[in-house]
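Examination of the molecular architecture
These are the residues of each chain, in order.
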Amino acid sequence: MGRHEDARIALNDLAGGGAVPVHVGDGPCGVTAHPGATAVPSSLNLASTFDVALADEYGTLLGTESRAAGRNVLLAPGLDIARSPWAGRLGEALGEDPLLAGTLGGHVARAVQSCGIVSVLKHYPAYQFERNRTGEGPKPLRTPARDVVIDARTLHELYLEPFRRVTQEYGAQGMLCCYNRVNGEYPSQSRELQEIPRRLWGFTGFTLPDMVFAVRDARAALEAGLDLPRLAIEAPEELDPYSPRTDAMVDAAPDATLAAIGAHVRGALAVVGTASPDAGLDPAAIGAPANLDLAERLAIESAVLLRNDGTLPLAAGTRVALIGAEELEHRIVMGGAAAVMLTPARLSAVRDRLADVGLTVAAEAEGLPAVPAPPLRAAPGETFGCVLTDAAGTRELRLTHAVLPAEAADASAPWAATLTASLPPSPHHRTVAVEFAGEVELLLDDEVIGWGFRDASPLLGGPHYVLDGVAPPADRPRTLTVRYRTGPAFVSPGVGPVPHLSLGVVPWEPAIDAAVRAAAQADVAVVLAGRPTGGGMDAEELGLPAGQAELIEAVAATGVPVVVVTHGSGPIDLPWRDRVAAVLHVGFAGERLPEALALMLAGEAEPGGRLPLTWPDGPPVVPREPFDEKDRFVYAEGVDIGYRGHERASVEPAYWFGHGLGYADITLAGAAPSGDGVEVTLACGPGRGGKAVVQLYARPAGGDTLKLVGFAVARLAAGERRTVRVAVDAAALATWNGETLAPASGTYDVHVGLSRGDLPHRAAVTLG
């Protein structure tokens, strides 16, 4: 191959460059935008398993269904370290620890590539938020993306480490560059960030940018070393790159630059054995029975039993009040580009699956789900006021429904509106639900009761992102005001996202009263609660959406034991946790949640998950930036996020990283050094067998906080006593010396236990 062919690849014409053409699919949580694909549990759910064998199976499913759907490049796994519990895309990645993320991500990537699908890691290198990740405004006027300010040690030891591990140790062949800037540069345009994987890790695959806004200067990106100019997907014109790479740019590039691009792309496709996109089309492999069975197993193995007073598992014949099991669609998959299309015919009802395992649903009640409410309507003869300001000026509109007339605005430039509605008197608390794309401030009689942003809602797939405020009971009319600006909203009519807003109101007490009545008819109440999350939004707070906590408190006050089943990707504030019998967190468990939940509640299966994120008790230790700060993010905490941040601040979380209960009585009876690892003795009580996740922690250097340096899953039979050897991962203890990661050497005091908060044993291990 010569310069001409290399130039064609540089322009994304792979076939013209003598390479296999590619069809890229998103897919860290399943194959997206394809009917019938298996809606597996999210990547964060996979991280909850701590199980490399399940990661192999997960990656094989992703690869198999991608090939069967006509894709030969997959954007997976997601390796964004969970710095903030508010981040919308936590569910797409693998938690807060680089060893856990890199190890499980490595197994996923290797399994995907074993199917002939190139694994593209995302989002390189420091992407932990949604707010202004791409800037604001429509495409021609989009402002610069937010800049992450980060020191070299934190970047290399924490945020780059999973990418290093998955490329260097597991052979991933693709890297997707994020939207946001890092230390002033877009990663796609940064020579330093493009060179790090090649110079330090020996990466020989290809790099490419995320959609539309990841490249702002195509010439700079080409000169920096970005291989491909865009994702090879079929999309409307508005999703074309912000700054396209041109023939003239490529013609002016040196031979060495183009030769490197050709070598990277051809080499990656050859290493993986990638065939043309249509070579593996197989409709029968999409949503195959074996894949659905794996989805169910993963839902069970990833569910984290946070609390249990002995109520779980439930005995056969237990009368259950089932509360909040409606609207399952928004509870089982995350939103955004990673959302998998659901197949309604395959979704079963929770009540039916409970009956299958011998539990009696004595009563049902709807909860207060975080879904759009019908638009508020003006009283007869009245209207709502709307002041709209756009490129054409300011004008007043009168509305009969609380829906912004987005079609009346000039969308060629940012626009804003203020919607004012009268709220009639009511004896009830009311959820004020705003469903929108843009940025809003919600006021009740001029007092702010909510604020937030959404790039889109829904974003390509998955649930709507509803913003909640609370209006207390009132014996007089109240005034609701919504101040709206398009801000970060995506403008892409061809694929759905456009600026919009709808305002609805839902009373709490009817739902709460119904839940209390249902509980009175049962031996135990099972309440489903949680919040949708995903790409294009960050959570406004960590508590449950308006009214859900109050419903749980009211049901608990009846004296009936309450089992709360929480969903969503991030930590949830649980101030009521000591007043309920059990809390089972299922994350985004995918389409087989009903089957998995029934088996776990009945004790036919044991929840196998352990937290891949520390759940704070109150404000997180990494402070949140002011809402008005949209241009920069200073990662001032360094490597001390999550469980390390709690140690540094001497703050006890609600639940530590690695925490999770089972139904078996498993104890860690002893630990002793064994070469470069630790021999751990586990003992299981006589009642039933179960799962343990042994975890090792050590300090990389004096003054550092403890970090995970090893883990292993062990499954014990009832009454079994077993010794498991867990290796200390020396790379997890490597430290940045200003030029490279210096290998671990010396004797380390290794703390051994079943979570970061439960480390009863120590062993001195010598490395190097």
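One can find the structure itself at the top, above this paragraph.
Summary of the structure given here. Here the structure is a predicted model, which means the values were calculated and not measured.

The next point concerns the overall build of the chain. Looking only at helices and strands, the chain features 17 helices and 31 strands. In summary, the chain has a C-alpha radius of gyration of 26 Å against a globular reference of 27 Å for 768 residues, a match within 12%. With respect to the principal axes defined by its C-alpha atoms, the chain has extents near 75 × 75 × 55 Å. When the 768 residues of the chain are sorted by exposure, 62% land in the buried category. Excluding contacts between residues fewer than 6 apart, the proportion of contacts in the chain whose partners are at least 24 apart in sequence is 78%. Element-wise, carbon and sulfur atoms account for 52% of the exposed surface of the chain, whose accessible area totals about 25900 Å². Counting 62 positive and 92 negative side-chain charges, the chain places the centres of these two groups 2 Å from one another.

A separate point is the pattern of salt bridges. Enumeration according to the criterion identifies 48 salt bridges in this entry. One salt bridge connects E625 with R146, and the closest N-O pair in it is separated by 3.2 Å. Pair noted here: E625 is in the loop between helix 16 (593–602) and strand 22 (632–634) and R146 is in the loop between strand 3 (118–124) and strand 4 (147–149), with a separation of 479 residues, a long-range link. Residue class for R146 comes out buried when judged on its relative accessible area of 0%. The network of salt bridges with common partners includes R131, E136, E439, R485 and K630.

In this section: the layout of surface pockets. Considering only enclosed or pocket space, the largest pocket measures out at about 1000 Å³ in volume. Along the walls of the largest pocket sit 50 residues, with M211, I233, L239, A337 and L460 positioned nearest its centre. If you list the elements that add at least two residues to the lining of the largest pocket, you get strand 1 (24–26) and strand 3. With three residues, the top contributor of residues to the lining of the largest pocket is strand 1. Residues of the lining of the largest pocket, tallied by class, amount to 28 nonpolar, 10 polar and 12 charged.

Our focus in this paragraph is the nonpolar core. Ranked by internal contacts, the top residues of the largest apolar core, which has 132 residues, are Y124, L682 and V750. Ranked by residue count, the leading element in this core is helix 4 (residues 98–114), at seven residues. Contacts of L682, omitting those with residues within four sequence positions, involve I666, T667, L668, A692, V694, A714, L716, E720, R721, R722, V724 and L754. By size, the runner-up hydrophobic cluster in this structure holds 44 residues, among which are V31, L305, L597 and L599.

In this section: the sheet that holds strand 6 (residues 181–182). Spatially, three strands are ordered 6-4-22 in an open sheet, and the strand pairing comes out parallel. Each having just a single partner strand, strand 6 and strand 22 make up the two edges of the open sheet.

This part covers the packing of helix 3 (residues 52–68) against helix 4. Running from N to C, helix 3 and helix 4 point in directions that differ by 40°, and their axes come no closer than 7 Å. The way helix 3 lies across helix 4 gives a crossing that is right-handed. Residues V52, A55, D56, Y58, G59, T60, L62 and G63 of helix 3 form the contact with helix 4, whose own contacting residues are T103, L104, H107, V108, R110, A111 and V112. Split by residue class, the contact of helix 3 with helix 4 holds eight nonpolar, five polar and two charged.

Applying the stated criterion across every chain, the model contains 12 cavities of 30 Å³ or more. Here the largest cavity defines a volume of roughly 160 Å³. Around the largest cavity sit 19 residues that line it, and W86, D538, R624, E625 and F633 are the ones nearest its centre. Here the element with the most residues in the lining of the largest cavity is strand 15 (residues 447–454); it accounts for three residues. Of the residues assigned to the lining of the largest cavity, the class counts are 10 nonpolar, three polar and six charged. Taken together, 15 residues line the second largest cavity, and the ones lying closest to its centre are R83, P85, E96, T614 and G642. In the lining of the second largest cavity, the residues fall into nine nonpolar, four polar and two charged.

Basis of the calculations
- Residues numbered from 1 in each chain as written.
- Predicted model: local features only at pLDDT ≥ 70, side-chain atom pairs only at ≥ 80, totals over all residues.
- Heavy atoms only, no water.
- Helix = DSSP H or I, 4+ residues; strand = E, 2+ residues; numbered from the N terminus.
- Rg over C-alpha atoms; globule rule 2.2 N^0.38 Å.
- Buried < 20%, exposed > 50% of the residue type's maximum accessible area, 1.4 Å probe, protein only.
- Contact = heavy atoms within 4.5 Å.
- Areas by Shrake-Rupley, 256 points an atom, 1.4 Å probe, with all protein chains shown as cover.
- Lys, Arg positive; Asp, Glu negative; His and termini not counted.
- Charge placed at Lys NZ, Arg CZ, Asp CG, Glu CD.
- Salt bridge = Lys/Arg side-chain N within 4 Å of Asp/Glu carboxyl O.
- 1 Å grid on protein atoms, 1.4 Å probe; cavity = no way out; pocket = protein on both sides within 12 Å on 5 of 7 lines; lining within 4 Å.
- Points joined across faces, edges and corners; volume = space filled by probe spheres on them.
- Nonpolar A, V, L, I, M, F, W, Y, C, P; charged D, E, K, R; others polar.
- Core = buried A, V, L, I, M, F, W, Y, C linked by side-chain atoms within 4.5 Å.
- Pairing = 2+ DSSP bridges.
- Axes fitted to C-alpha atoms, helices over the stretch in contact; angles between N-to-C directions.
- Left-handed = near helix turned anticlockwise from the far one by under 90°.

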